[in-house]
There are 4 protein chains.
Amino acid sequence: MSGSTFGSIFTLTTFGESHGPGLGGVVDGCPAGIALDEALIQRELDRRKPGQGVASTARKESDRVEILSGVFEGRSTGTPIGFLVRNEDQRSRDYSKIMDVYRPGHADLTYDAKYGVRDYRGGGRSSGRETVSRVAGGAVAGAFLASVGIEVTAYTLELGGIRAQVNDPWGAQDRPFFAPQDEIVAEWEQRVAAVKSEGDTLGGIVEVIARGVPAGLGEPVFDKLDARLASALMSVGAVKAVEIGSGLDAARSLGSVNNDPILADGFASNNAGGILGGLSSGQEIVVRAAVKPIPSIAKEQTTRTAQGGETAIRIGGRHDIAAIPRINPVLKAMAMLTLADMLLLQRRMGRS
Amino acid sequence: MSGSTFGSIFTLTTFGESHGPGLGGVVDGCPAGIALDEALIQRELDRRKPGQGVASTARKESDRVEILSGVFEGRSTGTPIGFLVRNEDQRSRDYSKIMDVYRPGHADLTYDAKYGVRDYRGGGRSSGRETVSRVAGGAVAGAFLASVGIEVTAYTLELGGIRAQVNDPWGAQDRPFFAPQDEIVAEWEQRVAAVKSEGDTLGGIVEVIARGVPAGLGEPVFDKLDARLASALMSVGAVKAVEIGSGLDAARSLGSVNNDPILADGFASNNAGGILGGLSSGQEIVVRAAVKPIPSIAKEQTTRTAQGGETAIRIGGRHDIAAIPRINPVLKAMAMLTLADMLLLQRRMGRS
Amino acid sequence: MSGSTFGSIFTLTTFGESHGPGLGGVVDGCPAGIALDEALIQRELDRRKPGQGVASTARKESDRVEILSGVFEGRSTGTPIGFLVRNEDQRSRDYSKIMDVYRPGHADLTYDAKYGVRDYRGGGRSSGRETVSRVAGGAVAGAFLASVGIEVTAYTLELGGIRAQVNDPWGAQDRPFFAPQDEIVAEWEQRVAAVKSEGDTLGGIVEVIARGVPAGLGEPVFDKLDARLASALMSVGAVKAVEIGSGLDAARSLGSVNNDPILADGFASNNAGGILGGLSSGQEIVVRAAVKPIPSIAKEQTTRTAQGGETAIRIGGRHDIAAIPRINPVLKAMAMLTLADMLLLQRRMGRS
Amino acid sequence: MSGSTFGSIFTLTTFGESHGPGLGGVVDGCPAGIALDEALIQRELDRRKPGQGVASTARKESDRVEILSGVFEGRSTGTPIGFLVRNEDQRSRDYSKIMDVYRPGHADLTYDAKYGVRDYRGGGRSSGRETVSRVAGGAVAGAFLASVGIEVTAYTLELGGIRAQVNDPWGAQDRPFFAPQDEIVAEWEQRVAAVKSEGDTLGGIVEVIARGVPAGLGEPVFDKLDARLASALMSVGAVKAVEIGSGLDAARSLGSVNNDPILADGFASNNAGGILGGLSSGQEIVVRAAVKPIPSIAKEQTTRTAQGGETAIRIGGRHDIAAIPRINPVLKAMAMLTLADMLLLQRRMGRS
């Protein structure tokens with residue numbers, strides 16, 4: 001209710017700030033008997049680490065996860081799975097320059113308005129570092145989904161306005177930028193380098209797909225699968241739009257074009273993105289997130305101090321040039337958490 | 001948890017199908033002392049009625065609301081507000097043609113997969129008629145928001161690919177198509193007529209804005225204001241994408257362009273759509289929903305029966321040609337319900 | 001969250017006051033395919049009606065239930081089940097005597113403190129009449145439980161300090177006072193008549209038992225089955241204590257006496273009340289509620305007005321002399337709602 | 001929803017087993033600006049440690065708490081407060097004797113029925129050790145309550161059938177057995193010693209009171225303050241009954257006796273336990289929990305193995321002879337968590 005718990009039955013509760021002792025969370029509701037260990041979670045955390053492409057910061061974080069409960073002899077016990085990732089890279093810095101300044105595009109102003117207290121050492125709870133807990137929790141969800149034959153992947157569809165062809169979506173996890181084709185990587189590297197040299201930053205689009213999802217997942221009316229997915233992805237900082245299937249294009253289409261004919265052996269197309277009336281149709285689930293450029297830019301910007309005066313700010317340092325590709329495993333994690341939750345909800349409502 | 005309750009503190013629980021005795025709901029958590037009566041709710045319901053423009057069905061529904069509890073001497077008492085709208089237009093029809101056929105783009109197939117039972121007289125719970133309860137509940141939320149100086153409006157930004165200029169957003173409630181300018185109305189009427197004559201249907205984009213929202217609304221991390229709004233709008237049937245502020249365009253922008261500079265007297269632009277780090281910034285909240293074309297088309301389509309065979313279907317009758325404009329008051333209602341809930345959540349967490 | 005919704009998956013949301021148009025509710029999460037009609041709900045409502053014994057008021061309420069949604073051709077469809085019971089007996093009365101007086105033992109003072117608004121025509125939401133919605137919702141839960149072989153009964157164990165022998169718990173539903181033996185009825189009638197003639201009121205103890213509950217229901221740590229049952233029963237007005245199994249006696253027992261030995265063919269005793277570690281054990285669930293005397297007495301009492309002055313009050317009229325027996329179907333309903341919810345929760349967490 | 005989260009706005013989510021790496025939790029929803037540090041939490045944890053009286057085990061646990069997030073410069077920041085207590089005393093033991101045996105009065109059988117997996121090294125999630133997280137979370141709630149003038153204490157009212165006089169309830173925190181009078185301590189020590197020498201165990205009654213609670217806390221209908229408190233206390237292992245105010249005695253009282261007259265300067269008595277109609281009345285909140293004898297006894301008992309055969313068991317070792325007094329800080333913690341949550345709920349619903 002205060003925003004740190006995701007889901008209703010398969011839940012993830014997270015805690016932690018960028019400059020505190022550590023980040024972690026509690027997964028509650030994971031069924032017993034799921035194969036699970038620290039290596040499985042670590043693999044996902046490593047995908048979110050800096051240095052996964054030239055768009056990333058040079059900040060070193062080893063981000064080792066420790067499972068604190070809920071796993072016994074390599075399997076989940078059905079009890080809550082607590083985990084912890086200690087913060088390591090907390091060099092003492094001089095915060096005097098930024099502690100009173102509201103960085104444009106950041107949450108400094110709004111957190112101050114809400115809490116009247118601000119951890120000026122970093123974004124605190126609004127920092128992208130918070131997503132460590134999402135990725136770890138999502139890995140647990142992924143283990144559960146794998147046990148019932150559901151797979152999820154996330155890949156970069158567009159970066160800096162350059163769109164990829166989706167030739168190999170399931171191989172994207174092992175490619176730079178989590179690209180869905182080989183050829184695009186060099187183009188994106190050039191684009192990133194050019195923008196970086198200008199002190200600016202880039203946005204893009206990430207597509208998340210899931211296969212093996214049975215028909216009937218989702219709860220009418222307010223907890224439709226697409227509503228839940230939209231909330232899940234939009235809850236990730238930097239996401240400004242979420243599309244399902246044909247998405248925004250559907251608004252400019254005709255009914256006769258946008259409808260997916262149903263043939264005896266399945267759907268003839270997938271403009272619905274695998275969701276009809278808020279319930280999964282058995283097709284591949286397709287959802288996209290539009291990611292804004294990182295607001296920390298090296299160019300000078302006008303902004304306001306906590307005291308109300310105007311000032312100029314230039315944010316240097318170890319910052320990423322784009323949330324992509326590091327946001328990909330985060331968005332994948334959110335989709336996995338959503339599907340795990342909806343699957344458990346369905347188990348007790350469906351006809352069987 | 002089973003999808004018929006929206007919100008966490010200011011909640012709306014709905015019930016009802018298109019062909020049953022009626023639709024209704026329960027608003028719980030509305031503070032005591034809010035001015036409220038049936039006329040206020042009726043006004044919003046009337047906005048969602050057929051005949052608000054040429055895009056609408058000729059079906060006649062008087063949709064009279066009755067308040068059943070929670071209001072005494074013209075004010076809310078703090079106890080749950082029950083309401084009921086009886087279905088009137090239930091002419092007996094011959095359902096034999098559609099009772100075994102999965103209409104493309106509809107939820108027939110997915111509901112059957114989920115429940116194994118299907119109310120073949122209409123869309124049942126997946127019918128657009130379900131939104132009667134949303135609009136009534138939203139009107140109560142609107143009364144509460146008005147009492148604290150928050151106003152919400154929704155207007156059609158685009159219909160059939162033809163985009164309006166937003167000259168008069170706050171006057172849109174009284175214009176055909178809920179249009180934000182006068183001139184566009186004739187253009188849209190022509191477009192609708194042309195598509196209708198071809199037996200086809202149209203989509204469009206609705207923009208919802210809110211003014212007077214104080215800074216600090218929203219709960220990090222998972223219950224960000226934008227995440228909640230995305231879920232609220234996406235939960236409405238026919239919505240395939242949700243954008244906040246610059247939305248999809250942010251993905252193709254640069255940080256230096258997309259950031260909103262903060263001047264001494266306020267923000268210089270509003271690409272953020274009034275939300276930073278998931279919390280309201282005090283600016284106008286701006287959110288858009290992409291609405292797909294109505295799937296019930298008069299053209300012949302290929303589909304499947306419940307028994308598995310292929311068949312052709314042509315859906316005639318009293319159907320709308322576009323969910324717009326009737327979806328506008330629904331989307332406005334969802335935004336109002338979201339803001340009312342987040343406002344009450346904030347009341348107990350903020351610094352005051 | 002604002003108190004009008006019970007349960008997490010199988011939920012009941014209620015509305016309505018004693019002197020408004022009616023009372024009702026929404027059951028969400030009931031699986032599809034459960035046999036259900038108005039007669040089934042009416043039967044339980046009739047059990048809660050006045051005139052079920054000499055302890056009851058003479059007030060006439062026909063309390064006819066109407067199902068508004070969620071049932072098609074005699075079976076639940078999986079969508080929310082809305083229902084409505086109209087208030088009929090609203091004779092216009094002179095409220096001037098009580099509208100400013102806080103009746104002792106009633107919620108007048110506390111509702112005024114909370115809401116600052118008071119429906120002075122009756123207890124409003126704190127009236128016992130609110131339980132109409134609980135009983136109707138509980139009947140739906142009972143239909144679901146019956147479909148999986150679970151039965152629940154409630155009987156009066158003690159009235160005015162006179163304890164019954166539990167000779168026939170499952171026949172109690174058809175006996176005056178919902179008595180678990182024939183002989184006690186005359187004794188209780190005498191006790192009630194004597195107290196009534198003195199203008200005073202009585203309390204008692206109700207026992208609720210459930211058979212057919214499979215082992216493993218309940219969620220550690222905070223949603224233990226006994227914690228949920230305690231909350232369910234204590235949420236009924238007039239209940240001041242809840243016991244599980246040996247209950248209060250356990251506090252004065254020894255471990256060697258209170259433990260239930262486990263033999264090859266089952267438990268040797270049931271001091272645990274069918275719950276171990278918060279999970280059902282497969283034994284009969286046994287829970288008791290202590291019910292206070294009805295606070296509306298014909299004797300003169302000292303109390304305070306809303307303005308702060310002391311005054312004397314004597315409450316005459318059509319009031320019951322004891323909440324028993326009319327509270328029995330209410331407590332049974334709450335137990336059934338709890339078990340239905342825990343059963344659905346278990347379905348998706350257990351090993352199967 | 002899966003039982004490891006308590007509360008709705010001020011929430012505590014816990015994790016951890018008796019024999020895993022550690023226990024911990026996340027407090028979400030604590031307002032910003034509350035004075036808070038590890039010492040404050042540690043003080044409560046120390047009260048629950050073994051050796052607080054002769055009834056306790058000799059097991060050594062230092063139980064040092066580490067705050068992982070949500071506190072900055074000695075005050076809460078409004079973000080989730082994560083904490084961790086590492087398990088230290090995990091000597092390797094021979095579990096072969098108990099790993100297949102269902103201990104009477106324990107949750108071994110029911111956990112096995114639910115999960116089909118059992119951490120045979122100890123009670124796992126059903127172990128009393130789980131309450132470490134409750135006490136730590138409760139301490140945070142207590143800090144918040146103290147900031148608004150609410151104080152809570154818990155004391156032993158009865159042990160082994162010997163009842164104390166409540167001479168000094170607020171001094172009980174510093175007395176052996178958390179006794180509310182000095183004289184009773186020696187009597188209880190003798191009773192405990194006698195029962196221990198017989199290899200048996202004892203139960204008792206703990207009373208929890210709160211002062212400074214404003215009128216109006218609680219949510220009608222299902223989230224009454226007494227319903228929430230009942231659930232909170234009953235969720236603690238070993239509790240078999242919960243009473244509010246006059247509790248069970250109310251069932252044997254008359255209306256004229258049990259009603260609390262309201263005088264101009266306050267209530268004349270407190271049979272209601274400070275709660276009317278489910279809302280706080282401004283009086284002291286009074287609630288009691290009946291605690292069963294610890295089921296681990298040194299005497300021989302008959303029980304069943306997982307394979308179905310009968311066997312005899314005798315449980316020796318480092319076990320407590322009574323859950324009292326170590327359960328006292330746990331019950332106090334649960335009451336504090338409940339009050340903190342209800343207070344935040346009230347903040348946004350009341351008239352102010």
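Quantities reported herein were computed from a predicted structural model and do not represent experimental measurements. (Residues numbered from 1 in each chain as written. Chains lettered and ligands numbered in written order. Predicted model: local features only at pLDDT ≥ 70, side-chain atom pairs only at ≥ 80, totals over all residues. Heavy atoms only, no water.)

## Regarding the relation of the copies chain B and chain C
Between chain B and chain C, the superposition needs a rotation of 180 degrees and an axial shift of 0.0 Å, giving an RMSD of 0.0 Å. One copy is carried onto the other by what is essentially a two-fold rotation axis. Measuring from the rotation axis to each C-alpha of chain B, the shortest distance belongs to Thr13(B), at 3.7 Å. Take the interface residues of chain B: 100% of them recur as interface residues in chain C, which is what a same-surface contact looks like. (Least-squares fit on C-alpha atoms with pLDDT ≥ 70 in both. Contact = heavy atoms within 4.5 Å.)

## Observations concerning the interface of chain A and chain B
Listed as interface residues are 106 residues of chain A and, on the opposing side, 106 residues of chain B. Carbon and sulfur atoms make up 60% of the surface buried where chain A meets chain B, a total of about 8100 Å² over both sides. A per-residue breakdown of the area chain A buries against chain B is headed by Lys114(A), Phe222(A) and Lys240(A), which together make up 11% of the total. With a closest N to O distance of 2.9 Å, Lys114(A) and Glu219(B) form a salt bridge. In this structure, the connection of chain A to chain B is made through 43 residue pairs in polar contact (both at pLDDT 80 or more). At seven residues, helix α2 (residues 108-115) of chain A tops the list of elements feeding residues into the side of chain A that touches chain B. Taken together, the residues of the side of chain A that touches chain B break down into 47 nonpolar, 36 polar and 23 charged. (Buried area = accessible area lost by both parts, 1.4 Å probe. Salt bridge = Lys/Arg side-chain N within 4 Å of Asp/Glu carboxyl O. Polar contact = N/O pair within 3.5 Å; in protein donor to acceptor, adjacent residues only side chain to side chain. Helix = DSSP H or I, 4+ residues; strand = E, 2+ residues; numbered from the N terminus. Nonpolar A, V, L, I, M, F, W, Y, C, P; charged D, E, K, R; others polar.)

## Focus on helix α4 (residues 184-197) of chain D
Residue and element names in this part refer to chain D. When the terminal C-alpha atoms of α4 are compared, their 20 Å separation across 14 residues agrees well with the 20 Å that a helix rising 1.5 Å per residue should span. Those residues of α4 hidden inside the fold are in contact with β8 (151-159) and β9 (162-163). Phi turns positive one or two residues past the end of α4, at Gly199, with a value near 75 degrees. (Expected span 1.5 Å × (residues − 1).)

## Points about the side chain of Thr303(D)
Within the secondary structure, Thr303(D) sits in strand β17 (residues 301-304). A polar contact is formed between the side chain of Thr303(D) and the backbone oxygen of Tyr102(D), at a distance of 2.5 Å. The contacts of Thr303(D), once residues within four sequence positions are left out, are Ile262(C), Val101(D), Tyr102(D), Pro104(D), Gly309(D), Glu310(D), Thr311(D) and Ile313(D).

## Quick notes on the UniProt feature "binding site: NADP(+)" (unreviewed entry) in chain A
Residues and elements named next belong to chain A. The positions UniProt marks with the feature "binding site: NADP(+)" (unreviewed entry) are Arg48. In this fold, Arg48 is placed in the loop between α1 (38-47) and β4 (65-67). Excluding residues that lie within four positions of it along the chain, Arg48 makes contacts with Asp63, Gly128, Arg129, Thr131, Val132, Val135, Arg326 and Pro329. (UniProt positions renumbered as here; feature names shortened; annotations may be inferred.)

## Observations concerning the relation of the copies chain A and chain B
Each copy superposes on the other: chain A lies on chain B with an RMSD of 0.0 Å after a rotation of 180 degrees and an axial shift of 0.0 Å. The overlap is high: 100% of the interface residues of chain A also sit at the interface in chain B, so the same surface is used on both sides.

## A few points about the environment of Trp188(D)
All names here are of chain D. Tracing the sequence through the fold places Trp188 in helix α4. A relative accessible area of 0% places Trp188 in the buried class. Other than its neighbours up to four places away in sequence, Trp188 contacts Thr156, Leu157, Glu158, Leu159, Ile162, Ala164, Phe177, Ala179 and Pro180. (Buried < 20%, exposed > 50% of the residue type's maximum accessible area, 1.4 Å probe, protein only.)

## Section: the pairing of strand β2 (residues 11-16) of chain D
Residue and element names in this part refer to chain D. Taken across its six residues, β2 has six buried, putting it largely inside the fold. Residue alternation in β2 divides its side chains into two sets, Thr11, Thr13 and Phe15 and Leu12, Thr14 and Gly16, and both sets are buried. Joining the antiparallel neighbours strand β1 (residues 5-6) and β2 is a turn of four residues, in which Gly7 adopts a positive phi near 95 degrees. Pairing analysis gives six bridges linking β2 to strand β3 (residues 22-28), with the strands arranged antiparallel. Following the sheet pairing, Leu12 is matched in β3 by Val27. Connecting β2 to the next strand, β3, in antiparallel fashion are five residues. (Pairing = 2+ DSSP bridges.)

## Digging into the nonpolar core
Formed by 312 residues in total, the largest nonpolar core has its most connected members in Phe10(A), Phe10(B), Phe10(C) and Phe10(D). Setting aside anything within four residues of it in sequence, one finds Phe10(D) in contact with Val27(D), Asp28(D), Gly29(D), Cys30(D), Val140(D), Ala141(D), Phe144(D), Leu337(D), Ala340(D), Asp341(D) and Leu344(D). (Core = buried A, V, L, I, M, F, W, Y, C linked by side-chain atoms within 4.5 Å.)

## A few points about the interface of chain B and chain C
In this assembly, 39 residues from chain B lie in contact with 39 residues from chain C. Surface buried jointly by chain B and chain C totals about 3200 Å² across both partners, of which 62% is contributed by carbon and sulfur atoms. Area buried by chain B at its contact with chain C is led by Phe15(B), Leu68(B) and Phe72(B), which between them contribute 19% of it. Counting across the interface, chain B meets chain C through two salt bridges. A salt bridge links Glu66(B) to Arg86(C); its shortest N-O distance comes to 2.8 Å. Remark: the boundary between chain B and chain C carries ten residue pairs in polar contact (both at pLDDT 80 or more). Counting only elements with at least two residues in the side of chain B that touches chain C, the list comes to β2 (11-16), β3 (22-28), β4 (65-67) and β7 (81-86) of chain B. In terms of residues, the side of chain B that touches chain C owes the most to one element, β2(B), which gives four residues.

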